[in-house]
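Reading the structure
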Amino acid sequence: MTTSISRRSMLVAAAAAVATRYGSDARAQVSNVAAQPLQKVDVLLDWKPLPTYAGFFLAREMGAFERRGLEVTFGEAQGATTAAEMIGDGKKFWIGSSSGMATAIARSKGLPIKSLAVYYRKTPSAVFTRAEDRIAHPRDLYGKKIGFVKGSITNEEFRAMLDLNHLDGSKITQVNVEWDPWALLEKKVDALVDYEEMTPAELFSEGRRLLLLRLSDFGVRTYSLNLIVNEEAWASPEKRAIAQKVAEAVQEGYSLVNERPADAAARFSTLFPRLAPNYVDRSMAVVSQQLNPPPVGAQTRAGWQETINTLSSLGLLAKPITVDDVAIFDN
């Protein structure tokens, strides 16, 4: 006969072991874990379950949500802009991930969202090209075709790179492409833009020869992956407490990625066996680098001001906004 043990039962058993060691206060906490039902929370991620979002999935796998009394499920959006809009709407999702640029732009349009934590304090977006084309600087893109995915925030980041490097975008042909690398591989375009740990990492893991132009190396100083919350939800004491617990748990997950990327990759591969292990390893290493320096999830006024300044200089803000419009700080 096979005995099935639920994750919640395992959690209570582990907590009971702690209580045995540390006494009555810990035993009271175990009792609370066992007695109280978990609060259900739907968290929206702005893309598919890839290593970029490992902190969220590992937090659930590690029991970090459950230890805080939460039962979390994840939804998927088609990009950071869409995620910001959905969380601003607040009907189905009121908390989830976005990018710093998308968050600030949405806020300037009046969407009621704010940032709780920033995981990527610089953009991971990169222009990637075939190595044989020898495109080593943004100016080398003159006369070339670059693929853009409609609605992707990386399009705005690319334009920011051109502006910051005083380059004429009219000398580069823009081609609409899908969310895959085939336009580049089939030589329909000369370059694409994506997060380094997504398509570029996948192609590298397959042995493809690429050159990367990291936007952050060419002056694009904007916050990227972040956790956002609907303002009306944040005004509710109950949902505010849940949001703070979500942020704490996700920080736990990303701290594992930051400190032990190989372990994080192994655990993530177990959760998503359809992903090639070589890709997960390479991608997770990039994510770990993006999370540096600690503390994981930290956001600063200076970082948000730099993001706002960049967007303002490009004319991407619908109206002027302040740091306090965009982010929630402890003090």
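Look up a bit, the structure's there.
Remember, predicted model here, so these are calculated numbers, not experimental data.

A closer look at the overall build of the protein
- Across its full length, the protein holds 14 helices and 10 strands.
- Looking at the protein residue by residue over its 331 residues, the buried ones come to 51%.
- Across the protein, the fraction of contacts at a sequence separation of at least 24, relative to all contacts at a separation of at least 6, is 80%.
- For the protein, the accessible area works out to roughly 15700 Å², and carbon and sulfur atoms hold 49% of it.

Comments concerning the side chain of Glu-196
- Turning to its location among the elements, Glu-196 is positioned in the loop between β8 (191-195) and α8 (199-205).
- Taking relative accessible area as the criterion, Glu-196 reaches 12% and is therefore assigned buried.
- Not counting residues up to four positions away in its chain, the partners in contact with Glu-196 are Pro-124, Ala-201, Leu-212, Arg-214 and Val-286.

Some words on the pattern of salt bridges
- Evaluation of the coordinates by the stated rule reveals 14 salt bridges.
- Between Asp-133 and Arg-130 there is a salt bridge; the shortest N-O distance is 2.9 Å.
- Take Asp-133: its relative accessible area is 26%, and that puts it in the partly exposed class.
- A residue is classified by how much of its surface remains accessible, and Arg-130, at 9% relative accessible area, is buried.

Brief notes about the environment of Tyr-254
- Within the secondary structure, Tyr-254 sits in helix α10 (residues 237-259).
- When its relative accessible area of 0% is taken as the criterion, Tyr-254 is described as buried.
- Distance in space between the C-alpha atoms of Tyr-254 and Ala-59 is 8.0 Å, their sequence separation being 195 residues.
- Those residues in contact with Tyr-254, other than ones at most four positions away along the chain, are Thr-52, Tyr-53, Ala-54, Gly-55, Phe-56, Tyr-119, Leu-225, Val-287, Leu-291 and Val-296.

Some points on the packing of α10 against helix α11 (residues 261-271)
- Packing of α10 against α11 brings their axes to within 5 Å, and their N-to-C directions diverge by 120°. Our classification of the angle between α10 and α11 gives oblique. When α10 is examined against α11, the residues Leu-256, Val-257, Asn-258 and Glu-259 are found in contact with a partner set consisting of Pro-261, Ala-264 and Arg-267.
- Classifying every residue of the contact of α10 with α11 gives four nonpolar, one polar and two charged.

Re helix α4 (residues 80-89)
- Residues of α4 that are buried: Ala-80, Ala-83, Ala-84, Ile-87 and Gly-88. Down the axis of α4, the smallest arc covering the buried residues is 130°, so these residues share one side.
- Those residues of α4 that are buried are in contact with β1 (39-45), β3 (95-99), α5 (100-108), β4 (113-118), α6 (153-164) and β10 (225-230).
- Among the residues trailing α4, Gly-90 stands out with phi positive, at a value near 75°.

Comments concerning the packing of aromatic side chains
- What the rule picks out here adds up to 13 aromatic pairs.
- Between Phe-57 and Phe-272, the aromatic rings sit 5.0 Å apart at their centres with planes inclined by 85°, giving edge-to-face as the arrangement. Placement of the pair is Phe-57 in helix α3 (residues 54-61) and Phe-272 in the loop between α11 and α12 (277-290), with a sequence separation of 215 residues.
- Their ring planes at 75° and their centres at 5.4 Å tell us that Phe-148 and Phe-158 sit as a pair that is edge-to-face. Of this pair, Phe-148 sits in strand β6 (residues 145-149) while Phe-158 sits in helix α6, placing them 10 residues apart in sequence.
- Here Phe-148 falls in the buried class, since its relative accessible area comes to 4%.
- What links up through ring pairs into an aromatic cluster is the set Phe-56, Phe-57, Phe-65, Phe-74, Tyr-119, Tyr-254, Phe-268 and Phe-272.
- Against the face of Phe-148 rests Arg-159, its NZ or CZ located 5.3 Å from the ring centre.

Structural notes on the nonpolar core
- In terms of nonpolar packing, the biggest core is built from 51 residues, with Phe-56, Tyr-119 and Tyr-254 touching the most fellow members.
- Counting residues per element, this core draws most heavily on α10, at nine residues.
- In this structure, Phe-56 is in contact with Val-43, Leu-45, Phe-65, Phe-74, Ser-97, Tyr-119, Leu-227, Val-250 and Tyr-254, ignoring residues within four places of it in sequence.

Here is what the cut-offs are and how they apply
- Residues numbered from 1 in each chain as written.
- Predicted model: local features only at pLDDT ≥ 70, side-chain atom pairs only at ≥ 80, totals over all residues.
- Heavy atoms only, no water.
- Helix = DSSP H or I, 4+ residues; strand = E, 2+ residues; numbered from the N terminus.
- Buried < 20%, exposed > 50% of the residue type's maximum accessible area, 1.4 Å probe, protein only.
- Contact = heavy atoms within 4.5 Å.
- Areas by Shrake-Rupley, 256 points an atom, 1.4 Å probe, with all protein chains shown as cover.
- Salt bridge = Lys/Arg side-chain N within 4 Å of Asp/Glu carboxyl O.
- Axes fitted to C-alpha atoms, helices over the stretch in contact; angles between N-to-C directions.
- Parallel < 35°, antiparallel > 145°, perpendicular 65-115°, else oblique.
- Nonpolar A, V, L, I, M, F, W, Y, C, P; charged D, E, K, R; others polar.
- Arc of directions from axis to C-beta.
- Phe/Tyr/Trp six-rings, centres within 6.5 Å; stacked < 30°, edge-to-face > 60°.
- Lys NZ or Arg CZ within 6 Å of the ring centre and 35° of its normal.
- Core = buried A, V, L, I, M, F, W, Y, C linked by side-chain atoms within 4.5 Å.

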